[in-house]
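Read off the chains here:
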Amino acid sequence: MKQLPIARLPELFAAMAAGRTLYIPADDGGQARFLPYRDGMEMTRALNTVRSAKDLFFPQTENLVGFQVRGREIALEETRDEVEPFVVFGVRACDAASFRILDTVFLAEPADTFYQTRRACGTVVTLACGQPEETCFCTAFGIDPAEPGGDAACWMDGETLYLRANTEKGAQLLDSLPLLEEAGDDAPGTAQAAIRAVAERLPLGKLDLTGFDGAHLMEKFNHPAWAKLSESCLGCGTCTFVCPTCQCYDIRDFDTGRGVRRFRCWDSCMYSDFTMMAHGTNRPTQLERFRQRFMHKLVYYPADHDGVYGCVGCGRCLTRCPISMNIVKVAKTLGEETT
C-alpha cells in the first residue's frame, strides 16, 4: 500500500505522464471526459465521465485496413493506429467492472487484436467513489464501489490518497513513482466504510433482479409490458453510446479518392438499420429493437456467462435518455410479475 498527500496530486500526474500518455477525467466544455493530461490540468469533481474509459480500449471509430486498386490488382495497406503504453487514472468501480464484460467478447478466440493490443498497453488505475450519486446502482450487480479493482486502486481519505497495486502492471506503475510513501495495508479502511455506508442507502442499490436469468427467458421475452415500455423510445441510441459495456460495431469502407479505407465504428441495436441485410432486417419494429437491448443486458448475457449481467449500474442511461427510459424502469416493470 502506498500513500501521498492529495495536495501533491499534480506531482503524481506529472510523474505518471513521464514517458507515457496519461488520461484523467477532466472537465471539457461543461462535460467530464477522459483527456490526455497536460500540466495544470485538474481532475473533474464529477463522479462519472459522460462516456466511460471504454473509449480508450474500444474507440468510437478505428481504422482497420486500407486498399489501393491498380487495374486488376488490389494492394493492402496497414492503417491501424500505433498504440503505446498509457495509463488511465480515475476509473470508477462500475467502469472497471465493464472490462470483464468487454474482455469476454473481444479476447475470446479468435481475439480482436485491436482491443487486445490496447488492453496490453493500458494500465487502469481506479478511484473509489467518495460520494456515489442517486442514479448509481452498481451494488445491484455485486459491484463494490469501495473496492474498485483495476490494475491499481486509489482511495481519497481526508487529505491523503492511498494507492494499492492489484496486478503486476499496477505494481510496476506504482514502483516507478518514487514520490509515493509506504502505508499500512488497512489504511483506506475508514474511507471504504464511509463509501459502503452511502452505497447502502442508494435508492436503486437494491434493485430486484429475481427472474432475470435463462430459466425465465421466454417469460421475459413475451412479457406484455414491452409494448408500453418501448412506445416512447426515439431509437436515438444515446443509451448505447454512453454505456460502458455495449460493444456492437459496424464495418464500413470510405473512398478517399486516393484509395479505400476500411474502418469500424460503434453501432447500436436501437437503430432501424442495425444488422440490415439484403432480405431486410432481423428486428423491423422499435419494440423488437428495444426489447433486444434490455433482454441482452438482463437475460441473454447472464444466461450465457454464469450469472454476470451485461450492465454495471453506472447510471449513465438514467441521466442521458431524453425520454427518461432506462434499464431500471424495465427491470422493475418486468419484475413485477416474476413467478
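Refer to the structure presented above.
Rules and cut-offs
Just so you know, the residues in each chain are numbered from 1, in the order the chain's sequence is written. Only residues with pLDDT of at least 70 are given local features in this predicted model, and only at 80 or more are side-chain atom pairs given and counted; all residues enter the totals for whole chains, interfaces and linings. Side-chain measures here rest on the full set of heavy atoms in the structure, leaving out hydrogens and waters. The patch calculation keeps residues exceeding 30% relative accessible area without a salt bridge and links them within 9 Å when they carry like charges or within 5 Å when they are nonpolar (Val, Leu, Ile, Met, Phe, Trp, Tyr). Exposure was quantified through the Shrake-Rupley algorithm and a 1.4 Å probe, taking into account, for residues, occlusion by the shown protein chains and nothing else. Salt bridge criterion: a side-chain nitrogen from Lys or Arg within 4 Å of a carboxyl oxygen from Asp or Glu. The secondary structure listing takes helices from DSSP runs of H or I that are at least 4 residues long and strands from runs of E that are at least 2 residues long, numbered from the N terminus. Type-normalised accessible area, obtained with a 1.4 Å probe on protein chains alone, sets the label of each residue: buried when under 20%, exposed when over 50%, and partly exposed for intermediate values. For two strands to be treated as a pair, DSSP must find no fewer than two bridges joining them. Throughout, an axis means a line fitted to C-alpha atoms (over the contacting stretch in the case of helices), and angles, computed between N-to-C directions, take values from 0 to 180 degrees. Each polar contact in these results corresponds to two N or O atoms within 3.5 Å; when the atoms are within protein, one needs to be able to donate a hydrogen and the other to accept it, and residues that are neighboring in sequence are counted only if both atoms are side-chain atoms. Working rule for contacts: check all heavy atoms of both residues, and any pair within 4.5 Å makes them a contact. Here, expected helix span is obtained from the residue count minus one, scaled by 1.5 Å. What counts as a ring pair is set by centres within 6.5 Å for rings of Phe, Tyr and Trp (its six-membered ring), and what kind of pair is set by the plane angle: stacked under 30 degrees, edge-to-face over 60, tilted for all other angles. By definition, being over a ring means that NZ of Lys or CZ of Arg is both within 6 Å of the ring centre and within 35 degrees of the ring normal.

1. Comments concerning a nonpolar patch on the surface
Part 1 of the argument: Side chains of Val-69, Ile-74 and Leu-76 sit close together on the surface and give an oily, nonpolar patch of about 340 Å² of accessible area.
Part 2 of the argument: Within the element layout of this structure, Val-69 appears in strand 4 (residues 61–70).
Part 3 of the argument: The class of Val-69 is exposed, set by a relative accessible area of 54%.

2. Looking at unusual backbone geometry
Part 1 of the argument: A cis geometry characterises the amide bond from Glu-109 onward to Pro-110, with omega recorded as -5°.
Part 2 of the argument: Despite not being glycine, Asp-306 has its phi angle at roughly 55°, a positive value.
Part 3 of the argument: Checked against the element boundaries, Asp-306 lands in the loop between helix 9 (286–304) and helix 10 (316–320).
Part 4 of the argument: For Asp-306, a relative accessible area of 81% translates into the label exposed.
Part 5 of the argument: Even without being glycine, Ser-324 reaches a positive phi, approximately 60°.
Part 6 of the argument: Overall, Ser-324 belongs to the partly exposed group, its relative accessible area being 40%.

3. Here's the deal with the sheet that holds strand 5 (residues 73–77)
What holds strands together in a sheet is hydrogen bonding between their backbones, with the strands either parallel or antiparallel.
Part 1 of the argument: Taken in spatial order, the four strands of this open sheet run 5-4-12-11, and their pairing is antiparallel. Two strands in the sheet have a free side with no partner beyond their single neighbour: strand 5 and strand 11 (249–255). Strand-to-strand twist in this sheet, taken as the mean axis angle between neighbours without regard to direction, amounts to 25°.
Part 2 of the argument: Bridge count between strand 11 and strand 12 (residues 260–266): seven bridges; the pairing is antiparallel. If you follow Asp-250 over to strand 12, its bridge partner there is Cys-265.

4. Some details on the side chain of Gln-192
Part 1 of the argument: Relative to the elements of secondary structure, Gln-192 occurs in helix 5 (residues 189–200).
Part 2 of the argument: A distance of 3.1 Å separates a polar atom in the side chain of Gln-192 from the backbone oxygen of Ala-146.
Part 3 of the argument: Ignoring any residue separated from it by four or fewer positions in sequence, one finds Gln-192 in contact with Ala-146, Glu-147 and Trp-155.

5. Considerations on the environment of Asp-55
Part 1 of the argument: Summarising the element assignment, Asp-55 is placed in the loop between strand 3 (31–36) and strand 4.
Part 2 of the argument: Along the primary structure Asp-55 and Val-242 are separated by 187 residues, whereas in three dimensions their C-alpha atoms are 9.9 Å apart.
Part 3 of the argument: Side chain to side chain, Asp-55 and Arg-51 meet in a polar contact 2.8 Å long.

6. Observations regarding helix 9
Part 1 of the argument: Taking 1.5 Å per residue as the helical rise, helix 9 with its 19 residues ought to reach 27 Å, and the 25 Å between its terminal C-alpha atoms agrees with that figure.
Part 2 of the argument: In the stretch just after helix 9, Asp-306 is the one whose phi turns positive, near 55°.

7. Comments concerning the pairing of strand 8 (residues 152–157)
Part 1 of the argument: One ladder, built from three bridges, connects strand 7 (residues 122–127) with strand 8; its direction is parallel. Paired with Thr-126 across the two strands is Ala-153, which belongs to strand 8.
Part 2 of the argument: The pairing of strand 8 with strand 9 (residues 160–165) spans six bridges and is antiparallel. Bridging across to strand 9, Cys-154 finds its partner in Leu-163.
Part 3 of the argument: Between strand 8 and strand 9, which pair antiparallel and follow one another directly, the connecting turn spans two residues, one of which, Gly-158, has a positive phi of 65°.

8. Points about the packing of aromatic side chains
Part 1 of the argument: Using the criterion set out here, one finds 15 aromatic pairs in the structure.
Part 2 of the argument: With a centroid separation of 5.1 Å and an interplanar angle of 75°, the aromatic rings of Phe-13 and Phe-89 are classed as edge-to-face. Here Phe-13, found in helix 1 (residues 9–17), pairs with Phe-89, found in strand 6 (residues 86–91); they are 76 residues apart in sequence, far enough to count as distant. Neither Phe-13 nor Phe-89 differs from the other in exposure class; each is buried.
Part 3 of the argument: The interplanar angle of 70° and the centroid separation of 5.6 Å between the aromatic rings of Phe-241 and Trp-266 together place this pair among those described as edge-to-face. With Phe-241 in helix 8 (residues 238–242) and Trp-266 in strand 12, this residue pair connects regions lying 25 residues apart in the sequence.
Part 4 of the argument: Above the ring of Tyr-249, the side-chain terminus of Arg-264 is found at 4.8 Å from the ring centroid.

Function-wise, these values are silent; they only describe arrangement.
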